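Coordinate analysis (summary)
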Amino acid sequence: EVQLVESGGGLVQPGGSLRLSCAASGFTFSSYAMSWVRQPPGKGLEWVAAIGGLGTNTGYRDSVKGRFTISRDNAKNTVYLQMNSLKPEDTAVYYCYVVVLKRYWGQGTQVTVSS
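Residues numbered from 1 in each chain as written. Predicted model: local features only at pLDDT ≥ 70, side-chain atom pairs only at ≥ 80, totals over all residues. Heavy atoms only, no water.

Let us now look at the packing of aromatic side chains. What the rule picks out here adds up to three aromatic pairs. Where Phe27 meets Phe29, the ring centres are 6.2 Å apart and the plane angle is 50°; that geometry is what we call tilted. With a relative accessible area of 13%, Phe27 lands in the buried category. Here Phe29 falls in the buried class, since its relative accessible area comes to 2%. Between the aromatic rings of Tyr97 and Trp105, the centroid separation amounts to 5.6 Å while the plane-to-plane angle is 20°, which identifies the pairing as stacked. By relative accessible area, Tyr97 is classed as buried at 19%. Residue classification places Trp105 among the partly exposed residues on the basis of a relative accessible area of 43%. Among the aromatic residues, those joined into a cluster by ring pairs are Phe27, Phe29 and Tyr32. Lying across the ring of Tyr80, Arg19 places its NZ or CZ 4.0 Å from the centre. Note that Arg72 overlies the ring of Phe29, its terminal NZ or CZ placed 4.2 Å from the centroid. (Phe/Tyr/Trp six-rings, centres within 6.5 Å; stacked < 30°, edge-to-face > 60°. Buried < 20%, exposed > 50% of the residue type's maximum accessible area, 1.4 Å probe, protein only. Lys NZ or Arg CZ within 6 Å of the ring centre and 35° of its normal.)

In structure tokens, the structure reads:
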């Protein structure tokens, strides 16, 4: 059974940093691209970033380029999202996401950027 467990969210001031983690199990982790998506309050899901199975290819939505970095540790079956220079508009529930025959995401972790 595919399981994804996010952690690392919290309350941070504008300009601050957070590092999200997503522990994965139930599939051959290194064989699959992983993504982070988010849901701002009152809005739909937004794709944030993605990384290929070997970690060499990454992609980001325009609004987070230069501020967020996605990475993975295939030995630990974990994907990360380093978020720097956070802005209030980054406030959202963040989910990691994988497609293994069908879509899976975890329970999410809340990130609140506020002074």
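Moving on from the model shown.
Turning our eyes to something else, we now look at the pattern of salt bridges. On inspection of all chains with the given rule, the structure shows four salt bridges. Notably, a salt bridge pairs Arg38 with Asp90, separated by 3.1 Å at the nearest N-O pair. Pair noted here: Arg38 is in strand S4 (residues 34-39) and Asp90 is in the loop between strand S8 (78-83) and strand S9 (92-100), with a separation of 52 residues, a long-range link. The same class applies to Arg38 and to Asp90, which are both buried. For Asp90, the salt bridge goes to Arg67, with nearest N and O atoms at 2.7 Å. In this pair, Asp90 sits in the loop between S8 and S9 while Arg67 sits in the loop between strand S6 (58-60) and strand S7 (68-73), placing the two residues 23 residues apart along the sequence. Of the two residues examined, Asp90 and Arg67, each falls in the buried class. What you see here is one network of salt bridges that share partners, running through Arg38, Glu46, Arg67 and Asp90. (Salt bridge = Lys/Arg side-chain N within 4 Å of Asp/Glu carboxyl O. Helix = DSSP H or I, 4+ residues; strand = E, 2+ residues; numbered from the N terminus.)

Keep in mind these values describe shape, not function.
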